[in-house]
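A look at the structure
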Amino acid sequence: MAHSSSAPWLSRILLSAMRMRALALALALLVVLVLQTTMAPWLSSWNDRLSSRTWSLADSQTQERRVVVIDIDEKSVQALGPWPWPRDRVAQLLQAIDQQGVSLKVVDILFDGAQAQDPALKQALQNGAPSVIAQLFALNPQHTVQTGTLSGALGAMGAAGAGACPPGTPNAFGYMAPAASVLQAGQGVGHITPVIDPDGTIRRVPALICHQGQTYPALVVSALAAATGAQPQWRPESQLSGPQQTLQVGSFKLPIDPQGQLLVSYQTPRAGFISLSASDVLAGRVPAQLLQGAWALIGSTAMGAGDAVPTPQGGAVGGIEVHAQLLAAALDERTPYAPQWATFWPWVSGAISALLLLLALRVPRLGAAVAVPAMALISAALVWGAHSYLLLAQHQLLAWGTPLMFIAVFAVNLLVAEMLRVRFERERLYQNLASYLPEGAARKVAFAGPTAQVMAQRQQATVMFVDLRNFSAYCEGRTPEESATVLHIFYTTVDRIVSQHGGVVEQMVGDGLMAVWNGSSPCPDHAQKAVGAAEEIWREGVAQLPKVASRKTPPLDLGIGIESGDIMIGSFGPAQRRVHAVLGETVTIASRLENLTAELAYPILLGPEVVRLAQPAKAQALGDFLLAGLTQPRKIHSLPVQYGPAHLHLVYSAEQDQALVG
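Here is a short report on the structure shown in this document. Numbering of residues begins from 1 in every chain and follows the order in which that chain's sequence is written. Local features are withheld for residues below a pLDDT of 70 in this predicted model, meaning they are given only at 70 or higher, and side-chain atom pairs are given and counted only at 80 or more; totals for whole chains, interfaces and linings count all residues. Only hydrogens and water are set aside; all other atoms, that is, all heavy atoms of the structure, feed into the side-chain values.

1. Things to note about the overall build of the protein chain
Note the cut-off: Strands here mean DSSP runs of E at least two residues long; helices mean DSSP runs of H or I at least four residues long; both are numbered from the N terminus. Note on exposure labels: buried denotes an accessible area under 20% of the residue type's maximum, exposed denotes more than 50%, and partly exposed covers the range between, all computed with a 1.4 Å probe on protein chains only. Whether two residues are in contact is decided by their heavy atoms: any pair within 4.5 Å suffices. Each accessible area is a Shrake-Rupley result for a 1.4 Å probe, and residues are judged covered by the shown protein chains and nothing else.
A count of helical and extended segments in the protein chain gives 19 helices and 26 strands. A total of 662 residues make up the protein chain; the buried ones form 48% of that total. When contacts within the protein chain are restricted to residue pairs at least 6 apart in sequence, long-range pairs at least 24 apart make up 74% of them. Accessible area of the protein chain: about 31200 Å², with a carbon and sulfur share of 57%.

See the structure below:
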């Protein structure tokens, strides 16, 4: 059959559930490792995209009141003129914000290039609450434009050493800095340089940027430094539950990744920020106490501002929203980070998921086709649930795309492995059944459910009975092994010849067997095939029989009876104990003809119907005979055979011995 020629080692693997499952696990690990090695950027981007979806689960009722956005929006430019505004108008806006009692002004606007109104702007930045303004770096080596005056460089940074950039800090090749005319002594300056992911989304901002050996902080870092009066300090961390390194500003700790980046938390929904139109602030239409003590984040989302960026919350929004999220997360100490134990997360989650998938195969009454996909979904949900809880509650970012990929690949491999193993087991079962039952009957038994009904069909067929005559006498005084060898050769020879002639051996009982043409397997010219098989069985079968004859042991011989007609072939009996059988008058006639061969001394006898259908040229009519158990006589024919001299000698010797005994 399908696997009859399989190598022994392959059969051992296919038949072993443990080996097949171990192979499925090894292949899943190999696939994930190959993807991590050859497609690391794509895999990282995929992990980021999946993680970004989690922010939608955050509490949508959260209202951020400590950081208030002052937006130079479409309403403002329609009322006061197109962007960019003259700097004295920006100065007026800053003065109006100070009048509302803010504690910090964070200005997300680039003041590059000198203008006539710069003194007014410089004065507005100096008066009132501390202020922080923006500068922009180019991280692409191809962009080397340098405009304005860089400022805000940090001094010694703890373990990094004086004047040295901390490890992992990205290098800048160009910049757009504020004009010197707006800078004042000690003016807070922070960069607004984003890191744009391959999908165009901003999820990270460099905490520090290195340019010509000097370290420049991000806008959020400078804002914290201005609010606390503390110098940022870079510190490595050793706790497994913490980040690899942090940037400490006063009492605030900002976790940064090995690339020196801050992960942007989008946990606060966009509607959670209070956003005031700049025109309303200038017109005094701000609710009392709304800005009292708050940090004012000033930026522009108006058309033409060129500050639209995509975020995981969807759509292109003003870059001011990214800085609002960074500031709010810093105040709550919920800036996301990958803990140091995140290295083990794919392995731990993968091992747990693999264990659950393997345990699913042991669930009673559930097949692999149901249990494995169901458990794969449950495992994926558990991994995603752990990721979501840690991100939203503990602010720890664990990539769940890689474990999800492993779960999917392992589940598919496991299903394929189980299907192959079950298929191989069924094929082996079918092969074993086919060695005890006819092929067609074995297929029905192997692939059909049990039933208590008669499962048989009516066929016009040709039935042959072959008997090993004198076998009982032959076995007397001989070992069982010797007798079994003779019977084995007899069965094997007859089965081979019957199969070659298109028939099927349906039963092997004792020293005889029954073969059927056009029963379990179709055979249009069944009568001719059966007659041809009978002659070959006689020639080969007799030649293989042991040549022994004595006074006590008559020679072994063959008797063959054949008839054609209607039969019933199939399975009968209760569901728990079925039997394959061939029934009908045709079967009875063929059996009686085989019995009659010993009395008439003709080894091959044919019934009237097989003679009519096959019309063998050598058939000889013997007359009408009333067969045992039947009521109507039948015309019987013999099929002449050629006896070999050795066979005749044995028969004559046996007859002489019997005569002498008599």
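2. Brief notes about the sheet that holds strand β13 (residues 252-256)
The condition that has to hold: Any two strands are treated as partners once DSSP identifies two or more bridges connecting them. Between the N-to-C directions of two axes lies an angle of 0 to 180 degrees, each axis being a line fitted to C-alpha atoms and, for a helix, fitted only over the stretch in contact.
Pairing in this open sheet of 3 strands is antiparallel, and the strands run β11-β12-β13 from one edge to the other. Each edge of the open sheet is held by one strand with a lone partner, namely β11 (233-236) and β13. Here the average twist between neighbouring strands, direction ignored, is 30°. The sheet strands contacting helix α7 (residues 219-228) are β12 (245-249) and β13, and the helix crosses β12 at an angle near 35°.

3. Details of the nonpolar core
Rules: Residue types Ala, Val, Leu, Ile, Met, Phe, Trp, Tyr and Cys, when buried and joined through side-chain atoms within 4.5 Å, form a set referred to as a nonpolar core.
Counting residues in hydrophobic clusters, the biggest one holds 46 residues, and the most contacted among them are V220, V322 and L327. Of all the elements, helix α9 (residues 319-332) adds the most residues to this core, at 8 residues. Residues V486, A534, L558 and L639 belong to the second largest nonpolar core, which totals 37 residues.

4. Let's talk about the pairing of strand β6 (residues 188-191)
Burial along β6 is two-sided: the face carrying G188 and G190 and the face carrying V189 and H191 are both buried. In this structure, strand β3 (residues 131-138) lies alongside β6, joined through 4 bridges in parallel fashion. The partner of I133 across the bridge, within β6, is V189.

5. Some thoughts on the side chain of T246
Convention followed: Residues adjacent in sequence count toward polar contacts only when both atoms are side-chain atoms; beyond that, a polar contact is any pair of N or O atoms within 3.5 Å, and within protein one must be able to donate a hydrogen and the other to accept it.
You can see T246 is positioned in strand β12. Polar contacts involving the side chain of T246 include one to the side chain of E237, which spans 2.9 Å. Apart from residues lying up to four places away in sequence, T246 is in contact with Q233, W234, R235, E237, L254, P255 and I256.

6. Description of a nonpolar patch on the surface
Stated formally: Residues enter patches when their relative accessible area tops 30% and they take part in no salt bridge; the joining distance is 9 Å for like charges and 5 Å for the nonpolar side chains Val, Leu, Ile, Met, Phe, Trp and Tyr. Each salt bridge in this description consists of a side-chain nitrogen of Lys or Arg and a carboxyl oxygen of Asp or Glu lying within 4 Å of one another.
There is a patch of nonpolar side chains on the surface, built from L23, L27, L30 and V34 and spanning about 330 Å² of accessible area. Here L30 is to be found in helix α2 (residues 17-38).

7. Observations regarding the sheet that holds strand β8 (residues 202-206)
Read from one edge of the open sheet, 3 strands run β7-β8-β14, paired in antiparallel fashion. Each edge of the open sheet carries a strand with a single partner, namely β7 (195-196) and β14 (261-263). Where β8 meets β14, 3 bridges bridge the pair, whose relative direction is antiparallel. Paired with R204 across the two strands is L263, which belongs to β14.

8. Topic: the packing of helix α5 (residues 87-99) against helix α6 (residues 118-126)
Basically, it comes down to this: Geometric relationships in this document are graded by angle, where less than 35 degrees denotes roughly parallel, more than 145 denotes roughly antiparallel, 65 to 115 denotes roughly perpendicular, and other angles denote oblique. Two helices crossing with the near one rotated counterclockwise from the far one by less than a right angle form a left-handed crossing, whereas a clockwise rotation gives a right-handed crossing.
Where α5 contacts α6, the two axes come as close as 8 Å, and the packing angle between them is 20°. In terms of their interaxial angle, α5 and α6 are classed as roughly parallel. Helix-helix and strand crossings are classified by hand; for α5 and α6 the assignment is left-handed. Across the interface between the two elements, R87, D88, V90, A91, L94, Q95 and D98 from α5 touch D118, A120, L121, A124 and L125 from α6.

9. Some words on the pattern of salt bridges
Under the defined criterion, the tally for this structure stands at 22 salt bridges. For E418, the salt bridge is made with R21, and the minimal N-O distance between the two is 2.9 Å. With E418 in helix α12 (residues 401-434) and R21 in helix α2, the pair connects residues that are 397 residues apart, well separated along the chain. The same class applies to E418 and to R21, which are both buried. A salt bridge links R478 to E482; the nearest nitrogen and oxygen atoms lie 3.5 Å apart.

10. Brief notes about the state of the cysteines
Put simply, the rule reads: Disulfides are defined as cysteine sulfur pairs within 2.5 Å.
Per the counting criterion, the structure on display carries 1 disulfide. Between the sulfur atoms of C165 and its disulfide mate C210 the distance is 1.9 Å. Measuring handedness by torsion sign, the sulfur bridge of C165 and C210 sits at about 70° and is right-handed. Of this pair, C165 sits in the loop between β4 (146-147) and β5 (174-176) while C210 sits in strand β9 (residues 208-211); the two residues are 45 residues apart in sequence, bridging distant segments of the chain. Residue classification places C165 among the partly exposed positions, given a relative accessible area of 21%. Note on C210: relative accessible area 7%, which makes it buried.

11. Regarding the environment of M375
On the secondary structure map, M375 appears in helix α11 (residues 368-393). A relative accessible area of 18% means that M375 is categorised as buried. Each C-alpha atom of the pair M375 and S353 lies 8.5 Å from the other, and the pair is 22 residues apart in sequence.

12. With respect to the pairing of strand β22 (residues 557-572)
Counting buried positions over the 16 residues of β22 gives 14, a clear majority of the element. Across 3 bridges, β22 lies against strand β24 (residues 604-606) in parallel orientation. Among the inter-strand pairings, I562 is bridged to a residue of β24, identified as L606. Bridging between β22 and strand β23 (residues 579-583) involves 5 bridges; their strand directions are antiparallel. Across the sheet, residue G570 finds its bridge partner in β23, namely A581.

13. Looking at unusual backbone geometry
The peptide bond linking W83 to P84 adopts the cis configuration, its omega dihedral lying at 5°. Topologically, P84 is positioned in the loop between α4 (74-80) and α5. Of note, N470 is a non-glycine position whose phi angle comes to about 65°, a positive value. Among the secondary structure elements, N470 is positioned in the loop between β19 (455-469) and α14 (471-475).

14. As for the packing of helix α15 (residues 480-500) against helix α16 (residues 526-544)
As a packed pair, α15 and α16 sit with axes 10 Å apart at the nearest point and diverge in direction by 155°. Classified by the angle their axes make, α15 and α16 are roughly antiparallel. In this structure, the crossing between α15 and α16 has a hand that is right-handed. Residues I489, T493, V494, R496, I497, V498 and Q500 of α15 lie in contact with α16, whose contacting residues are A533, E536, I537, E540 and Q544.

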